[in-house]
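Working through the structure, step by step
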Amino acid sequence: MSDNETFDAIVIGGGTVGAAAALALARTGREVALIDRKKPSEHPEDAPLDPRVVAVSPGSKRLLEALGAWRHVRPARIAAYADMQVVAGKGEVRFRATEHGLAALGWIAELPELDQALWQELQKRRRISVFAPADVQDMAIEDDEVTVVLADGQTLAGRMLLGADGAKSRVRSAAGIDVTTHHYNQRAIVAHLDTEQSNPGTAWQRFTDLGPLALLPLPEGRSSLVWSVHDDEADKLMALGDDEFLEVLAEHAEEPPFGAFTATGERHALPLIRRQSKPLASGRVALLGDAARSVHPLAGQGLNLGLADVAALLEALDGWQQANDDPTNRLARYSRRRWSDSVLVAGGIHAINETRTLGELGKHALGAGFTAMRFARPAREIFVRRACGLDEVKKAVGILAG
Ligand SMILES: Cc1cc2nc3c(=O)[nH]c(=O)nc-3n(C[C@H](O)[C@H](O)[C@H](O)COP(=O)(O)OP(=O)(O)OC[C@H]3O[C@@H](n4cnc5c(N)ncnc54)[C@H](O)[C@@H]3O)c2cc1C
């Protein structure tokens, strides 16, 4: 783009969701400016596994494939899971990919690996102008245009502004969009673990007395722990030595599925906060990913919801004639669709997490629900369909295929 031209979209935030949004728009012929405070750091093939791993649903993978980014994800850095088991009290439910005609129920991937894959692809796109590292000094949102002033004095003009700038979004504040916040007073303890037997590709979760404990498969048969516990318990668990920590973990996991825990990598404790923006668009501004909402990690849906935002935005903008077509109504449509979906998914996750406050009763009620699901194939089918997110991305993948 030459100076003084107007971008079709200015995207603030080049994390996984913002980078995917920029690529999606550029691949459908839009001129995009992508701004981030930083560039993703180098992620060498032999780097130790990053503690920030996420579950990528089949729908998210399909969207990343359509964007041309998934081919840059190195097979040695991801692990597929074809089996999922959830246990609460005496009840449990199991999902197998083959039962639902799928190759896998999902993939566990490091966030830096996904970011590197997306950036590798977006840097090839001549329709994307990257401003990173760059600080946003000011934003002006008018009826007919948005402008963003960078700290180095550059001024960018755009037809719309997309906020993919994470949970503490500045774009959201600049657009005057409300956000409701709920502190769970919980933290997620995450660490990579070694176990007696190698994890064969199972995502396992138990609702323990302290909170949901998940073991997700990693490359080389290791498991990623995500254990959401109350702040006080998190302090105690973080203060333990590795051996003591593994003992307490084994006690709460009850019958750890891959035998004894033999080693733990560095532990991190991440505060858990639910946020919901409403609406998800105002005038020429729309929010995506964690800027739109952040959810409890127990269902592994945060990033998947963000990538479903990208798919919905692409659909809402299908047929948009940039130069003489005000995008406001299209962004409002995007907002309505994604808001109801966010509330449904985030509300469901929230309700499951809240059963912990009912103690033993809540655990047994959940367990009874899981057991009932075990014997109800249609209910499992609906659940898997929803969790896989293939329907959400179908139209967008078609649009990207041209
Ligand atoms: C413990 C834990 C486990 C999780 N597990 C899963 C899982 O299994 N599956 C899943 O789907 N999700 C999971 N999530 C959620 C997932 O990690 C997030 O939803 C997702 O990474 C959010 O991506 P994003 O691109 O929206 O935001 P971010 O990754 O926060 O990216 C925001 C970007 O904006 C940039 N930025 C911010 N402000 C500015 C500014 N003013 N100017 C310029 N740039 C700016 C930042 O530098 C950053 O690059 C988990 C979360 C936690 C805490």
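The next thing to look at is the overall build of the protein chain. Check the secondary structure of the protein chain and you find eleven helices and 22 strands. Taken over the C-alpha trace, the protein chain has a radius of gyration of 21 Å; the compact-globule value for 402 residues is 21 Å, and the two agree within 12%. Once the C-alpha set of the protein chain is aligned to its principal axes, its extents read approximately 65 × 40 × 40 Å. Looking at the 402 residues of the protein chain, the share that counts as buried comes to 55%. Nonlocal contacts in the protein chain, meaning residues at least 24 apart in sequence, comprise 74% of its contacts between residues at least 6 apart. Counting every atom, the protein chain has about 17,600 Å² of accessible surface; 50% of that belongs to carbon and sulfur. Of the charged side chains in the protein chain, 46 are positive and 54 negative, and the gap between their average positions amounts to 6 Å.

What follows covers empty space enclosed by the protein. One pass over the full model with this rule turns up one cavity of 30 Å³ or more. In this structure, the largest cavity encloses a volume near 130 Å³. Gln301, Asn304, Ala308, Gly389 and Glu392 are the residues nearest the centre of the largest cavity, which is lined by 17 residues in total. Counting only elements with at least two residues in the lining of the largest cavity, the list comes to helix 2 (58-66), helix 7 (302-316), helix 8 (328-354), helix 10 (377-388) and helix 11 (390-401). The element contributing the most residues to the lining of the largest cavity is helix 7, with four residues. Here the lining of the largest cavity is built from residues that sort into seven nonpolar, six polar and four charged.

Within the structure, the ligand sits among 28 residues, and Asp36, Ala55, Asp290, Gly300 and Leu303 are positioned closest to it. Residue Ala55 places a main-chain N or O atom 2.7 Å away from an oxygen atom belonging to the ligand. Leu303 is positioned with one of its backbone polar atoms (N or O) 2.8 Å from an oxygen atom of the ligand. The fraction of the free accessible surface of the ligand (1,000 Å²) that becomes covered by protein chains is 83%. Within the residue set of the shell around the ligand, elements represented by two or more residues are helix 1 (16-27), strand 4 (53-56), strand 14 (178-195) and helix 7. For the shell around the ligand, the residue count by class is 13 nonpolar, nine polar and six charged.

On to the sheet that holds strand 12 (residues 155-158). Ordered by their spatial adjacency, four strands build an open sheet running 1-12-11-10, and the pairing between neighbours is mixed. Two strands close off the open sheet at either side, each with one partner strand: strand 1 (6-7) and strand 10 (136-141). In this structure, strand 1 lies alongside strand 12, joined through two bridges in parallel fashion. Each residue of the ladder has a partner; that of Phe7, found in strand 12, is Gly158.

With respect to the element layout, Ser335 can be found in helix 8. Here the side chain of Ser335 touches Leu280 through a polar contact of 2.9 Å, landing on its backbone nitrogen. In this view, Ser335 contacts Pro279, Leu280 and Ala281; residues no more than four positions away in its chain are not counted.

Here we take up the sheet that holds strand 13 (residues 161-163). What the six strands build is an open sheet, ordered 9-3-2-13-21-20; its pairing is mixed. On the outer flanks of this sheet lie strand 9 (128-131) and strand 20 (281-282), each paired with one strand and no other. Where strand 3 (residues 32-35) and strand 9 come together, four bridges link them in parallel fashion. In the strand pairing of strand 9, Val32 is matched with Ile128. Lying over the sheet, helix 1 contacts strand 2 (9-12), strand 3, strand 9 and strand 13, oriented at roughly 170° with respect to strand 3.

Moving on: the packing of helix 2 against helix 11. Relative orientation of the contacting elements helix 2 and helix 11 amounts to 10°, with a least axis distance of 8 Å. The angle between the axes of helix 2 and helix 11 places the two elements in the roughly parallel class. Mapping the contact onto sequence places Pro58, Gly59, Arg62, Leu63 and Ala66 in helix 2 and Leu390, Val393, Ala396, Val397 and Leu400 in helix 11. Here the contact of helix 2 with helix 11 is composed, by residue class, of eight nonpolar, one polar and one charged.

This brings us to the pattern of salt bridges. Across all of its chains, the model carries 23 salt bridges by this definition. If you follow the salt bridges from partner to partner, you end up with Arg27, Arg71, Glu121, Lys124 and Arg125 in one network.

Turning next to helix 1. The first and last C-alpha atoms of helix 1 sit 16 Å apart over twelve residues, in line with the 16 Å expected at 1.5 Å per residue. The element helix 1 is extensively covered by neighbouring structure, given that eleven of its twelve residues are classed as buried. Considered for burial, the residues of helix 1 that qualify are Thr16, Val17, Gly18, Ala19, Ala20, Ala21, Ala22, Leu23, Ala24, Leu25 and Ala26.

Attention now goes to the packing of aromatic side chains. The tally for this structure, following the rule as stated, stands at two aromatic pairs. Each ring, one from Phe7 and one from Phe131, has its centre 6.4 Å from the other, and the planes form 90°; the classification is edge-to-face. Pair noted here: Phe7 is in strand 1 and Phe131 is in strand 9, with a separation of 124 residues, a long-range link. Summarising the aromatic geometry, the rings of Trp70 and Trp107 are spaced 6.2 Å apart at their centres and angled 70° between planes, so their arrangement reads as edge-to-face. Taken together, the residues Trp70 in the loop between helix 2 and strand 5 (78-81) and Trp107 in strand 8 (residues 106-110) connect sequence positions 37 residues apart. This pair shows no difference in class: Trp70 is buried, exactly as Trp107 is. A cation sits over an aromatic face here: Arg267 above Phe245, 4.4 Å from the ring centre. Here the guanidinium or amino end of Lys278 rests over the ring plane of Trp339, the centre of that ring lying 4.7 Å away.

Cut-off values and rules
Residues numbered from 1 in each chain as written. Predicted model: local features only at pLDDT ≥ 70, side-chain atom pairs only at ≥ 80, totals over all residues. Heavy atoms only, no water. Helix = DSSP H or I, 4+ residues; strand = E, 2+ residues; numbered from the N terminus. Rg over C-alpha atoms; globule rule 2.2 N^0.38 Å. Buried < 20%, exposed > 50% of the residue type's maximum accessible area, 1.4 Å probe, protein only. Contact = heavy atoms within 4.5 Å. Areas by Shrake-Rupley, 256 points an atom, 1.4 Å probe, with all protein chains shown as cover. Lys, Arg positive; Asp, Glu negative; His and termini not counted. Charge placed at Lys NZ, Arg CZ, Asp CG, Glu CD. 1 Å grid on protein atoms, 1.4 Å probe; cavity = no way out; pocket = protein on both sides within 12 Å on 5 of 7 lines; lining within 4 Å. Points joined across faces, edges and corners; volume = space filled by probe spheres on them. Nonpolar A, V, L, I, M, F, W, Y, C, P; charged D, E, K, R; others polar. Near = heavy atom within 4 Å. Polar contact = N/O pair within 3.5 Å; in protein donor to acceptor, adjacent residues only side chain to side chain. Pairing = 2+ DSSP bridges. Axes fitted to C-alpha atoms, helices over the stretch in contact; angles between N-to-C directions. Parallel < 35°, antiparallel > 145°, perpendicular 65-115°, else oblique. Salt bridge = Lys/Arg side-chain N within 4 Å of Asp/Glu carboxyl O. Expected span 1.5 Å × (residues − 1). Phe/Tyr/Trp six-rings, centres within 6.5 Å; stacked < 30°, edge-to-face > 60°. Lys NZ or Arg CZ within 6 Å of the ring centre and 35° of its normal.

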